Amino acid sequence: MQMAEKTRKHLHPHATKETTANKQTCAIETSGLCKTYPNGTKALNNITLTIGESEFIVILGPSGAGKSTLLRSMNRLIEPTCGKIMLMGKDVTHVGGHHLRHIRRRVGMIFQQFNLVRRLTVLENVMAGRLPHCTGFIRGGLSLLRIFTRREREIAFECLSKVHIENLAFQRADTLSGGQQQRVAIARTLAQEPELILADEPVASLDPASAEIVMQTLLDIHENQHIPVIVNLHQIDLGRRYGKRIIGMNSGAICFDGAPESLDNQMLQLIYGKELDSGLGRISRKKTEKDKIPDRPTANLLESSFVGME
Ligand SMILES: Nc1ncnc2c1ncn2[C@@H]1O[C@H](COP(=O)(O)OP(=O)(O)OP(=O)(O)O)[C@@H](O)[C@H]1O
Ligand SMILES: [Mg+2]
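Residues numbered from 1 in each chain as written. Chains lettered and ligands numbered in written order. Predicted model: local features only at pLDDT ≥ 70, side-chain atom pairs only at ≥ 80, totals over all residues.

(A) Focus on the overall build of the chain. Regarding its fold elements, the chain presents 12 helices and 10 strands. Burial statistics for the chain: of 310 residues in total, 40% are counted as buried. When contacts within the chain are restricted to residue pairs at least 6 apart in sequence, those whose partners lie at least 24 apart make up 72%. (Helix = DSSP H or I, 4+ residues; strand = E, 2+ residues; numbered from the N terminus. Buried ≥ 20, exposed ≤ 12 C-beta atoms within 10 Å, placed from the backbone. Contact = placed C-beta atoms within 7 Å.)

Put into structure tokens, the structure is as follows:
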């Protein structure tokens, strides 16, 4: 009974703040969002979420909980089976064509594997983030000739300086450490001028020190540029320290939604169930069905931050 009461409370922690939250524009809202994959896997089950423009959210949950599916549904990299998605107050559930490309330009996406073009320099990779801002014809020419205007180069440098790696501008991407590569990917996302950043396990391939730097970089961007950020993580400790609001998922549903201070062992048990190993503060990664599906080639830069752009 006590547990049920506590759970209910943590699913609605912002009740008192609702009046204020309603007044500001929401970055993203989902209502009744569901996703069933063609093989019958129910990855999302009735997800209703409201995320404000000033939020830094960490999504935690065991492997297979639906974290990536949720994030990818938000910018329609994955088509939800049912439900509604509102981005910055506009219904984007069914938009297509150039409207969809516009959405993807507004939503920056950061992935675990960085998705840089390895043989290009850091600066060229970041300038690629500007491509969605160019018209189709110019874009094609620019990407083929690797020519960018002076202004595009300046913007790329500004973005690199925001993640403190402008000194690496002329180095090839494949000569960088994982942490540096992820900061290039963040700079490329910034060059896109996103209104929302979604990061799917951005530190999963990094050592603890690099993971801290990348998380701090995301937090700095959020605080200095006022961009809402949603990060999927497997590291509970990082989530607690960086997240201003934690969303816990299990089996395609939200089972916790509250402040990091409220994320006690009981709540962690609720999110991770038997997989919880609170002593280590980390969760083993189980192989899931999706691990059997080969990745699309990473050489396709467009897959990373602006999929759907022609
Ligand atoms: N393309 C796909 N086809 C079929 N099933 C899929 C596909 N992608 C994901 N799934 C399944 O949907 C469920 C949710 O997967 P998802 O990748 O969203 O979980 P996750 O919480 O991100 O897991 P992880 O922490 O391992 O990244 C899992 O059962 C997974 O096997
Ligand atoms: Mg995932």
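So much for the structure itself; the text now carries on.
(B) Structural view of helix H11 (residues 265-272). Within the span of H11, buried status applies to Met267, Leu268, Ile271 and Tyr272. Buried positions in H11, seen along its axis, are confined to an arc of 120° and lie on one side of it. Just downstream of H11 lies Gly273, where phi reads positive at about 55°. (Arc of directions from axis to C-beta.)

(C) Local environment of the sheet that holds strand S6 (residues 107-111). Taken together, the 6 strands give an open sheet; going across it, the order is S6-S7-S8-S3-S9-S10, and neighbouring strands pair in mixed fashion. Every interior strand has two partners, whereas the edge strands, S6 and strand S10 (253-258), have only one. On average, each strand axis in the sheet is tilted by 15° relative to the strand beside it, whichever way the strands run. As paired elements, strand S7 (residues 196-200) and strand S8 (residues 229-232) share 4 bridges and run parallel to each other. (Pairing = 2+ DSSP bridges. Axes fitted to C-alpha atoms, helices over the stretch in contact; angles between N-to-C directions.)

(D) Examining the sheet that holds strand S4 (residues 82-87) more closely. Pairing in this open sheet of 4 strands is antiparallel, and the strands run S2-S1-S4-S5 from one edge to the other. Edge positions in the sheet fall to strand S2 (42-52) and strand S5 (90-91), since each has one partner strand and no second. Pairing geometry for strand S1 (residues 26-36) and S4, over 5 bridges, is antiparallel. Residue pairing across strands places Cys34 opposite Cys82, the latter belonging to S4. Each of S1, S2 and S4 is contacted by helix H3 (residues 67-74), which is oriented at about 60° to S2, the strand it contacts most.

(E) Up close: the environment of Ser262. Inspection of the secondary structure puts Ser262 in the loop between S10 and H11. Sequence spacing of Ser262 and Ile246 is 16 residues, and the spatial spacing of their C-alpha atoms is 9.1 Å.

(F) Representation of the packing of helix H8 (residues 178-191) against helix H9 (residues 208-225) in the model. Contact pair H8 / H9: the axes reach a minimum separation of 9 Å and the direction vectors enclose 15°. As far as their axial angle goes, H9 and H8 are roughly parallel. Between H8 and H9 lies a crossing whose hand is right-handed. Contacts between H8 and H9 involve Gly178, Gly179, Gln182, Arg183, Ile186 and Leu190 from the former and Ser210, Ile213, Val214, Thr217, Leu218 and Ile221 from the latter. (Parallel < 35°, antiparallel > 145°, perpendicular 65-115°, else oblique. Left-handed = near helix turned anticlockwise from the far one by under 90°.)

(G) Looking closely at the pairing of S6. Across the 5 residues that make up S6, a large majority, 5, are buried. Of the two faces of S6, the one holding Val107, Met109 and Phe111 and the one holding Gly108 and Ile110 are both buried throughout. With 5 bridges connecting them, S6 and S7 associate as parallel partners. Across the sheet, residue Ile110 finds its bridge partner in S7, namely Ala199.

(H) Broad picture of the pairing of S8. A two-sided burial pattern is seen for S8, the buried positions comprising Val229 and Val231 on one face and Ile230 and Asn232 on the other. Two strands pair when backbone bridges link them, and strand S3 (residues 56-60) and S8 are joined in this way by 4 bridges, in the parallel orientation. Bridge pairing links Val58 to Val231 in S8. Once the chain exits S7 it traverses H9 before rejoining the sheet at S8, and the crossover so formed is right-handed. (Right-handed = clockwise from strand over helix to strand, strands pointing away.)

(I) Examining unusual backbone geometry more closely. Despite not being glycine, Met88 shows a phi value in the positive range, around 50°. With respect to the secondary-structure elements, Met88 resides in the loop between S4 and S5.

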